[in-house]
Every structure is written in C-alpha cells, then in structure tokens.
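# Fold and contact review
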Amino acid sequence: METFATSPIPAHVPLAMVGDFSLFSSPGMQPTPNGDPQAAAAVVHEGPRIFYSPVNTRDGRGTWVITRAQDQRRVLQDPETFSSHRSIFASALGESWPMIPLELDPPDHGKFRSLLNPLLSPKRVMALESAVRERAVFLIDRIAAAGTSCHVMEDFAFPFAVNIFLRFLGLPDDRLDEFVTWANELLHGDNVQRPAAARTIIAFIDELAAERRKRPVDDFMSFLVQSKIDDRPLTDTEIRGTGVLLFVAGLDTVAAAIGFDLNYLARHPQDQEMLRGEPSRIVLAAEELLRAYPTVQMIRVATKDIDFEGAPIRKGDYVSCATMIANRDPLEFPHPEKIDLTREDNRHTAFAYGPHRCLGSHLARREIVVGLEEWLKRIPPFRIKEGTSPVTFGGHVFGIENLILDWS
Amino acid sequence: MKIIVHNDKCQGHARCWAMAPHIFDLDDEGYIKPGDIEVAEADEKLAWKGAKSCPERALEIEK
C-alpha cells in the first residue's frame, strides 16, 4: 500500500478550484473487485474543465487536472510551457536524470526521437508482425491445450508483452519471469520494493550496455551504444535513460490493455460473437477499446506562470492530462460512456498528443490486434470464471489482476 | 480536393496512413512527408476519412 506524504494546497490555488477527485484515492481507484476505473474517472466531466487535486501522483503530490480533450491537446502540444522533465524514475532513488526521450524537452527531445523513431515506425512494425503472431499463437495454443480456463495476465498478457519486448532488445526468453517481477514491483510495488526494483533494472541496463560495447550484435542495445547524437556517442546516462524507459514503457501497458480488453469481451458475449464472426472488425474495435480502457496519465510541469482557462497555474505546478479522462469527454466523443466497437471517427488519446506521442504506439497496436485476433480464433466463447472476480485498480498505471476466464 | 499538411503538427500517429497508405506517405521515421496532397476524385472519401483521423489536427481539408 502507498503511504502518501501530506501535501498542503499551495497558497496560489483558490480553494474554490480544489476538487476531491484523485486517480489514486477516489471511488473505483483502489483495488476493486469487478471494478471499472476508467468509467469511474469519467465522473470529473460533471465538474469544471480544470481543477486542483491535492493528492494525485504516486508520491502524493498535487496536480491540476485537465478534463477536456481539447485542453489536454493544448497542454501536450506545448512542451515549452508544459515540460515533461520530471525524472520520475531517478527521483525515486534521490537522483536526477531523464528517461529518454520521454523526460527530455525540445530541442534535445527531437534528436533522440529521430534516432529511435525508425526502430518503431509503422513500416518497421509490419516486419515484426510475424514474430508477434507466432508468440501469441504459441501461448494461446498452450492455454487451450491445458484446459478450459486460464489466468489471463499470468498465462497470456504478461508473457506475450514481455517476450516481444525482450525480442526487441535482443534478449533470450529465459529471464522472462524475472523481468515481469521487476516491472511489477517498479510500477505497483510499495516504497521499499520500488527503489529496489529501480536499482535492479538500472544495473541490468548498465551491464547490458557494457557487454554490447565490448561485443556488439544485431540488437537494440548494440544500436544504442554505437549511435551518435550531434556527432558524439551517447553518454552512459543517456543510454541508461533510454534503456530504462523502454523497459518501463513496454511491459505493463500493453499487458494491462489486453487484460482490460478481454475482461470487457468476457462480459459482452455479443461483441465477442461479432468479432469472432468478422475478424476484420478487430482493427477498428481495438481503437474503441483503446479509447475506453487507456491506462496512463501524462503529467507535465509548468515552466512559467500561466492563466489556463481561469486557473492560476504557477511555475513548477504539476498538470495532469489523464488519457482515461480525455477519452470520455462528451464534447469530443458522442456518448463516451457507450462502448461501441464499430465506432468510427475515434481520435482518442490513449497514446497521448504532442511530441511525446507514445514511441511504441505502432507496436502496441499490433500486439493488441494480433492478441485479440488469435485469442478469438482459438478460444471458444468465454466468460469470467464463476465464483471469481477480477480486481481493477487506478493510480499511476491502471491495471487488472486475478482475471480468470472460463470456456467450459 | 486538397489536403493541406501541417508538418509542424504531425507527431507520427500514422492514423492517416493506416486509413489510406497510398494517399498519405510517411518518411522513415513514420511522420507524414512534407507538401500538400492533391487528391484524385475517386480517393476523396478515403482522403477525407484519413484527414479526419489525425489526433493532432495536422491535416486540413480544402475543397
């Protein structure tokens, strides 16, 4: 469990603008059997377009909360005013270095994006697809052969996402369980587990970089240690910052998305039937599921004082742009509460807006689509196993646990 | 019909390309290539959908 620091409301925040919603503590955000934390977060649309939430980060800090998609675009498209340099990973260790490119601002940000973009471009992802599909088929066939129920996260979602990530890094599968544990403790652990997991991951990345410097092979880390920015090699801190970000970003998010998607389909047999009958609809359906069940909140730091739609944001204030809030904005999506797998015109923000648009978005989309395609092809109509309840939670990265499906 | 491309707003979501890869051409990084796009009449509906799919509003439709 988290222990929150007490955070007094800053003097410049008018009391009338303080709201009681928090992605960490509001109803539906704590671990909840059969919960729906994304729907629970949509309660903010009954209130103002911006308010101040006194405890709205993992370490108990207050943030402004932007509720309208249009306003989130304005914040996320303006990195000069709303910086993403927070060192969230390093600060857990009392250090200060950025995860790259996420925690860099322009112009440095663009240099690293240009280096990394081609590795995860839509065209490159097409070349990765057969490996992704092979992995999904292997895991799902094993599940189907083993019986008529499974633990989705442990048996499919995590091993699937982590395997693809390891493949991308050029690492063998034999440390898969270890990686899943590190990622879990880092993202969802307590105040002792988190820094310990962070140190373990750093040591792993540093060691891998040193090894690839000595003996480069054809993989991501070898590419990184041989790359140049502004005609100079990357520094050790830059390599570490990039490696850590890939580690953190690629594991939990895709697995959580697959979990929420299968949880939804288990409870909506007609949608299952539609997608099973017409698999070509899965690409569009996956977009609606990304809109309905995104998992991340973006936080920016104001670089100067600015009045934003009546809110006196001051330099240093945190500004939260939660994807699940923008994606349920009634001004952006007609009937946002309705999950319609045939919805078109679906410009959701599951992967954020602006220059920090998720670098792995194209791979993540492919993993989700391929995962659903192969699941529906190989597993007969499924439901939540009787007598069990999946547990959902909000917070820093939304997630779902104890998701047991049954098709007996 | 013409699509006006605001390259400064493109962030590489590639939703336009997913909708109509033969109309919206991407560079090696996955961002839209510079230059406005003249759309053939037969492609107008698809181009319209592609332009409307941009989360950043980087594609403007000019009739």
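Just so it is clear, the model here is predicted, and its values are computed rather than measured.

This next bit is on the overall build of chain B. When helices and strands are counted, chain B shows two helices and three strands. Mapped in sequence order, the helices and strands of chain B form the string β-α-β-α-β. Here the C-alpha atoms of chain B give a radius of gyration of 10 Å, agreeing with the 11 Å that 2.2 N^0.38 yields for 63 residues. C-alpha extents for chain B along the principal axes are approximately 30 × 20 × 20 Å. Restricting the contact set of chain B to residue pairs at least 6 apart, pairs at least 24 apart contribute 66%.

Right, let's get into the packing of helix α5 (residues 122-146) of chain A against helix α14 (residues 361-378) of chain A. A pair of packed helices is captured by two measures, namely the crossing angle of their axes and the spacing between those axes. Residues and elements named next belong to chain A. In contact at an axis separation of 8 Å, α5 and α14 are set at 35° when each is read in the N-to-C sense. In this structure, the crossing between α5 and α14 has a hand that is right-handed. Of the residues in α14, those touching α5 at Pro122, Val125, Leu128, Glu129, Val132, Arg133, Ala136, Val137, Ile140, Asp141, Ile143 and Ala144 are His362, Leu363, Arg366, Glu367, Val370, Gly371, Glu373, Glu374, Trp375 and Arg378.

Residues and elements named next belong to chain A. Grouped together as the largest cluster of nonpolar side chains are 111 residues, with contacts concentrated most on Phe156, Leu262, Trp375, Phe382 and Leu405. Here the element with the most residues in this core is helix α10 (residues 236-266); it accounts for 16 residues. The contact partners of Phe382, leaving out residues within four places of it in the chain, are Leu262, Leu265, Ala266, Gln272, Arg276, Trp375, Leu376, Leu405, Asp406 and Trp407. Among the nonpolar cores identified, the runner-up in size contains 21 residues, and Val13, Trp64, Ile306 and Cys321 belong to it.

The next thing to look at is the sheet that holds strand β1 (residues 32-33) of chain A. Residues and elements named next belong to chain A. Pairing within the open sheet is antiparallel, and its three strands lie in the order β1-β13-β14. Of all strands in the sheet, those with a lone pairing partner are β1 and β14 (399-401), marking the two edges. Pairing of β1 with strand β13 (residues 391-393) involves two bridges; the strand directions are antiparallel. Residue pairing across strands places Thr32 opposite Thr392, the latter belonging to β13.

Moving on: the sheet that holds strand β11 (residues 318-322) of chain A. All names here are of chain A. Across the sheet, five strands lie side by side as β2-β3-β11-β8-β4; this open sheet has mixed pairing. Here the strands that pair on one side only, and so sit at the sheet edges, are β2 (50-53) and β4 (82-83). In the sheet, strand β3 (residues 63-66) pairs with β11 via two bridges, with the strands oriented parallel. Residue Val65 lies in a different strand from β11, and its bridge partner there is Ser320. Helix α2 (residues 69-76) contacts β3, β4, β8 (297-302) and β11 of the sheet and is inclined by roughly 130° relative to β11.

Each side of the interface is counted separately: chain A has 23 residues, and chain B has 19 residues. Considering only the side of chain A, the residues that lose the most area to chain B are A:Lys123, A:Arg347 and A:Arg357, jointly responsible for 32% of the buried surface there. The interface formed by chain A and chain B contains three salt bridges. At the junction of chain A and chain B, the tally comes to 15 residue pairs in polar contact (both at pLDDT 80 or more). If you list the elements that add at least two residues to the side of chain A that touches chain B, you get α4 (108-116), α5 and α14 of chain A. Take the side of chain A that touches chain B: its biggest share by element is three residues, from α5(A). Grouping the amino acids of the side of chain A that touches chain B by side-chain chemistry returns six nonpolar, seven polar and 10 charged.

This part covers helix α12 (residues 282-292) of chain A. Within α12(A), nine of the 11 residues are buried, which leaves the element mostly enclosed by the surrounding structure. All of the buried residues along α12(A) are A:Ile282, A:Ala285, A:Ala286, A:Glu287, A:Glu288, A:Leu289, A:Leu290, A:Arg291 and A:Ala292. Where the residues of α12(A) are buried, they touch α1 (37-41), α10, α11 (269-277) and α14 of chain A together with α1 (15-19) of chain B.

Another point: empty space enclosed by the protein. All names here are of chain B. This structure, assessed with the given rule, holds three cavities of 30 Å³ or more. Looking at the second largest cavity, it is lined by 14 residues, and the ones nearest its centre are Cys10, His13, Ala14, Cys16 and Cys54. Of the residues belonging to the lining of the second largest cavity, the class tally is nine nonpolar, three polar and two charged.

All names here are of chain A. The omega torsion across Ile100 and Pro101 is 0°, close enough to zero to call that bond cis. Tracing the chain through its elements places Pro101 in the loop between α3 (88-91) and α4. Here the amide bond leading from Pro106 into Pro107 is cis, since omega sits at 5°, within 30 degrees of zero. Here Pro107 shows up in the loop between α3 and α4. At Asp231, a position not held by glycine, the phi torsion is positive, near 65°.

Residues and elements named next belong to chain A. Tracing the chain through its elements places Val301 in strand β8. Judged by relative accessible area, Val301 falls into the buried class, the value being 16%. Separated by 102 residues in the primary sequence, Val301 and Arg199 place their C-alpha atoms 25 Å from one another. Look past the residues within four positions of Val301 in its chain and what remains in contact with it is Thr81, Phe82, Ser83, His85, Arg86, Gly316, Asp317 and Tyr318.

Okay, the confidence of the model for chain B next. Averaged over every residue, the pLDDT of chain B is 96; residues scoring 70 or more account for 100%. Across chain B, strand β1 (residues 2-5) of chain B holds the top mean pLDDT of 97, while strand β3 (residues 59-62) of chain B sits lowest at 95.

As a volume, the largest pocket reaches approximately 810 Å³. If you trace the largest pocket, you find 34 residues lining it, with A:Val283, A:Glu287, B:Arg15, B:Ala18 and B:Met19 closest to the centre. When residues of the lining of the largest pocket are traced back to their parent elements, those giving at least two are α5, α12 and α14 of chain A together with α1 and α2 (44-52) of chain B. The element best represented in the lining of the largest pocket is α12(A), accounting for five residues. Counted by class, the lining of the largest pocket contains 17 nonpolar, six polar and 11 charged residues.

Residues and elements named next belong to chain A. Of note, Phe260 is situated in helix α10. As a C-alpha pair, Phe260 and Ala39 span 221 residues in sequence and 12 Å in three-dimensional space. Excluding residues within four positions of it along the chain, Phe260 makes contact with Pro37, Gln38, Tyr293, Thr295, Thr392, Phe398, Gly399 and Ile400.

How each quantity is defined
Residues numbered from 1 in each chain as written. Chains lettered and ligands numbered in written order. Predicted model: local features only at pLDDT ≥ 70, side-chain atom pairs only at ≥ 80, totals over all residues. Heavy atoms only, no water. Helix = DSSP H or I, 4+ residues; strand = E, 2+ residues; numbered from the N terminus. Rg over C-alpha atoms; globule rule 2.2 N^0.38 Å. Contact = heavy atoms within 4.5 Å. Axes fitted to C-alpha atoms, helices over the stretch in contact; angles between N-to-C directions. Left-handed = near helix turned anticlockwise from the far one by under 90°. Core = buried A, V, L, I, M, F, W, Y, C linked by side-chain atoms within 4.5 Å. Buried < 20%, exposed > 50% of the residue type's maximum accessible area, 1.4 Å probe, protein only. Pairing = 2+ DSSP bridges. Buried area = accessible area lost by both parts, 1.4 Å probe. Salt bridge = Lys/Arg side-chain N within 4 Å of Asp/Glu carboxyl O. Polar contact = N/O pair within 3.5 Å; in protein donor to acceptor, adjacent residues only side chain to side chain. Nonpolar A, V, L, I, M, F, W, Y, C, P; charged D, E, K, R; others polar. 1 Å grid on protein atoms, 1.4 Å probe; cavity = no way out; pocket = protein on both sides within 12 Å on 5 of 7 lines; lining within 4 Å. Points joined across faces, edges and corners; volume = space filled by probe spheres on them. pLDDT = per-residue confidence, 0-100.

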